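Examination of the molecular architecture
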Amino acid sequence: MKTTISHIKADIGSLPGHTTVYEPVVQEVQKYVSKHSEGLISDFHISHVGDDIQITMIHNHGIDYPEVHELAWNAFKAGTEVAKKAGLYGAGQDLLKDAFSGNIKGMGPGVAEMEITARKSEPFIVYMMDKTEPGAFNFPIYKMFADPFNTPGLVIDPNMHEGFRFEIWDVVEAKKIELSAPENMYDILAMIGSKGKYVIKRVYTKETHEKLPDENVAVITTDKLSLIAGEYVGKDDPAAVVRIQSGLPASGESLEAFSHPFLVSGWMRGSFNGPLMPVGMKYAKMTRFDGPPRVVALGFVLKEGKLAGPVDMFDDPAFDGARKTAVDVVDYLRRMGPFEPHRLPDSEMEYTTLPKVLASLSSRFEPIDVPKKAKKLASSTRDYD
Ligand code: F6R
Ligand code: MG
Ligand code: MG
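Here the structure is a predicted model, which is why all the values come from computation and not from measurement.

Attention now moves to the domain arrangement of the protein chain. Taken domain by domain, the protein chain consists of domain 1 (1-116) and domain 2 (119-359). Placing the centre of domain 1 and that of domain 2 at their C-alpha centroids yields a distance of 21 Å. Taken together, the contact pairs 37 residues of domain 1 with 40 residues of domain 2. Across the interface of domain 1 and domain 2, roughly 2,800 Å² is buried in total on both sides, 64% from carbon and sulfur atoms.

Rendered as structure tokens:
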């Protein structure tokens, strides 16, 4: 029988400002899911990173199951009531619609779901990021499933040697493509380096995988909150579920992908590049410059619909070096203030509040008297510097 892992997350209010969740709200979400989940889901876990509450659910109804989505939606609604009473900042901010209408996608919360053939032991890791965007997973997911310098299993383990299939979404034009590694490695990289446009949505094993043929082994939330809402309502902080071990990246190969605090976009006002810092739950709150962007990792094992765990995977001095590098990079970047490339380029500021500021200045612009020849040069495509 197939099992479904559904991970759904939302920011429904924070304190003091986009920093962390409020414990009574988390408890209300927990209480709601416990009370209304009988017969629908077999187990769940509630966690959080920064200002986002995260619900991991196990069931056997497949992905996009309306009642499972509705359970999460209603739990977030119940939490929002508590958030509003406490006067939390941005109470209910990710619940963009008033009423649930069959599928939580496009309504604000982020969704990562996969239907799997659960193995005898089914270990997986839930990664949760705050103050960044879904494309922030491109780098580590590629490292885990396609880079032998990160994952020696791709070289050593015959079950991994054939590589994996990647489903990549163009989130701007709403279309997708499937490419395989190692065959299409350069094509994959040609896309996923543009992390605001191309986002790895899922990873599958190949048909030739001896233990787990043709299986979904990783899934990432790809909901573009800014595009849904039409204006900036917070970065669509992503989460991912990654299956591990036995012909898949080992637990440590999966975590290793975060040992380099690579740059992601988001951070303060969703407008800055900064390093992604791997942290344990005790540091899952956003402070300096509303960040820096962080990732936490919770390790579970699934058996007959029940979860054991989680283990707080980055709560380990082995990641102190990555954290130190991240803080050094923060010190370096912060000195640039509002300048690119610390601040995001114009094209990515479209959904922030900057265009409003620029619009207020537009009437004060005056034409510059440009000589004819220079005008022509400026409008021609130059192929030299
Ligand atoms: C980034 C984020 C925060 C806010 C910032 C300003 O994703 O949530 O950095 O953008 O704290 O928030 P407002 O505009 O709500 O005062
Ligand atoms: Mg927020
Ligand atoms: Mg957030």
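Additional details are given in the paragraphs that follow.
Bringing the side chain of Gln54 into the picture now. Within the secondary structure, Gln54 sits in strand β3 (residues 52-59). In this structure the side chain of Gln54 is engaged in a polar contact, spanning 2.6 Å, whose partner is the side chain of His7. Setting aside chain neighbours within four positions, we find Gln54 in contact with His7, Ile8, Lys9, His45, Ile46, Ser47, His48, Val49, Met128 and Ala239.

This part covers the sheet that holds strand β2 (residues 43-49). Read from one edge of the open sheet, four strands run β2-β3-β1-β4, paired in antiparallel fashion. Two strands bound the open sheet, and with one partner strand each, they are β2 and β4 (110-116). Averaged over neighbouring strand pairs, the angle between their axes works out to 15 degrees when direction is ignored. In this structure, strand β1 (residues 3-10) lies alongside β4, joined through seven bridges in antiparallel fashion. Paired with Thr4 across the bridge in β4 is Glu115. Running at roughly 165 degrees to β2, helix α1 (residues 23-36) makes contact with β2 and β3 of the sheet. Along the sheet, helix α2 (residues 66-85) makes contact with β1, β3 and β4, crossing β3 at roughly 150 degrees.

On the protein side, the magnesium ion (ligand 3) has Asp51 (OD), Asp52 (OD), Asp130 (OD) and Asp237 (OD) as donor atoms, found 2.0 to 2.3 Å from it. Between the magnesium ion (ligand 3) and the magnesium ion (ligand 2) the interatomic distance comes to 3.8 Å, and Asp51 is a ligand of both metals. With Asp51 in the loop between β2 and β3 and Asp237 in the loop between α6 (225-229) and β10 (239-243), this pair connects stretches of sequence that are 186 residues apart. Residue Asp51 is classed as buried on the basis of its relative accessible area, which comes to 2%.

What follows concerns the pattern of salt bridges. Across all of its chains, the model carries 21 salt bridges by this definition. For the salt bridge of Glu178 with Arg165, the shortest nitrogen-to-oxygen distance reads 2.8 Å. Pair noted here: Glu178 is in strand β7 (residues 175-181) and Arg165 is in strand β6 (residues 164-170), with a separation of 13 residues, a long-range link. Classification of Glu178 by relative accessible area gives partly exposed; the value is 43%. Overall, Arg165 belongs to the buried group, its relative accessible area being 16%. With a shortest N-O distance of 3.3 Å, Glu173 and Lys175 are connected by a salt bridge. Through salt bridges with shared partners, a single ionic network connects Lys2, Arg119, Glu122, Glu215 and Arg243.

Protein coordination of the magnesium ion (ligand 2) is provided by Asp11 (OD), His18 (ND1) and Asp51 (OD), with donor distances spanning 2.1 to 2.5 Å. For the magnesium ion (ligand 2), the single-chain donor residues occur in sequence as D-x6-H-x32-D.

Time to look at the nonpolar core. Counting 41 residues, the largest nonpolar core has Tyr127, Ile141, Phe145, Phe164, Phe166, Val203 and Phe258 as the members making the most contacts within it. Here this core gets five residues from one element, more than from any other, and that element is helix α3 (residues 138-146). With near-sequence residues (within four places) excluded, Phe145 lies in contact with Leu154, Phe164, Phe166, Val203, Val217, Ala218, Val242, Arg243 and Pro249. Core analysis: the next-biggest nonpolar cluster, separate from the first, contains 30 residues, Ile8, Tyr32, Ile46 and Val111 among them.

Where burial is concerned, most of β2 is hidden: six out of the seven residues are buried. Where β2 lies against β3, seven bridges are found, and the strand directions are antiparallel. Bridge pairing links His45 to Thr56 in β3. Counted between consecutive antiparallel strands, the loop separating β2 from β3 contains two residues, among which Gly50 sits at a positive phi close to 55 degrees.

Okay, unusual backbone geometry next. Here the residue pair Gly291 and Pro292 is connected by a cis peptide bond, since its omega of -10 degrees sits within 30 degrees of zero. Its place among the elements puts Pro292 in the loop between β13 (277-278) and β14 (294-303). The step from Glu340 to Pro341 runs through a cis peptide bond, and the omega angle for that step is 0 degrees. Residue placement: Pro341 occurs in the loop between α8 (320-334) and α9 (354-359). Although it is not a glycine, Ser246 sits at a positive phi angle of roughly 50 degrees. Assignment of secondary structure puts Ser246 in the loop between β10 and α7 (251-256). Unlike most non-glycine residues, Trp267 shows phi in positive territory, near 50 degrees. Looking at the element boundaries, Trp267 is found in the loop between β11 (263-266) and β12 (272-275).

Looking at where Thr20 falls in the secondary structure, it is placed in the loop between β1 and α1. Taking the C-alpha atoms as reference points, Thr20 and Asp52, separated by 32 residues in sequence, lie 7.6 Å from one another.

About the cut-offs
Residues numbered from 1 in each chain as written. Chains lettered and ligands numbered in written order. Predicted model: local features only at pLDDT ≥ 70, side-chain atom pairs only at ≥ 80, totals over all residues. Heavy atoms only, no water. Domains from an automatic or database assignment. Contact = heavy atoms within 4.5 Å. Buried area = accessible area lost by both parts, 1.4 Å probe. Helix = DSSP H or I, 4+ residues; strand = E, 2+ residues; numbered from the N terminus. Polar contact = N/O pair within 3.5 Å; in protein donor to acceptor, adjacent residues only side chain to side chain. Pairing = 2+ DSSP bridges. Axes fitted to C-alpha atoms, helices over the stretch in contact; angles between N-to-C directions. Donors = N, O, S within 2.8 Å, 3.2 Å for Na, K, Ca; no water. Buried < 20%, exposed > 50% of the residue type's maximum accessible area, 1.4 Å probe, protein only. Salt bridge = Lys/Arg side-chain N within 4 Å of Asp/Glu carboxyl O. Core = buried A, V, L, I, M, F, W, Y, C linked by side-chain atoms within 4.5 Å.

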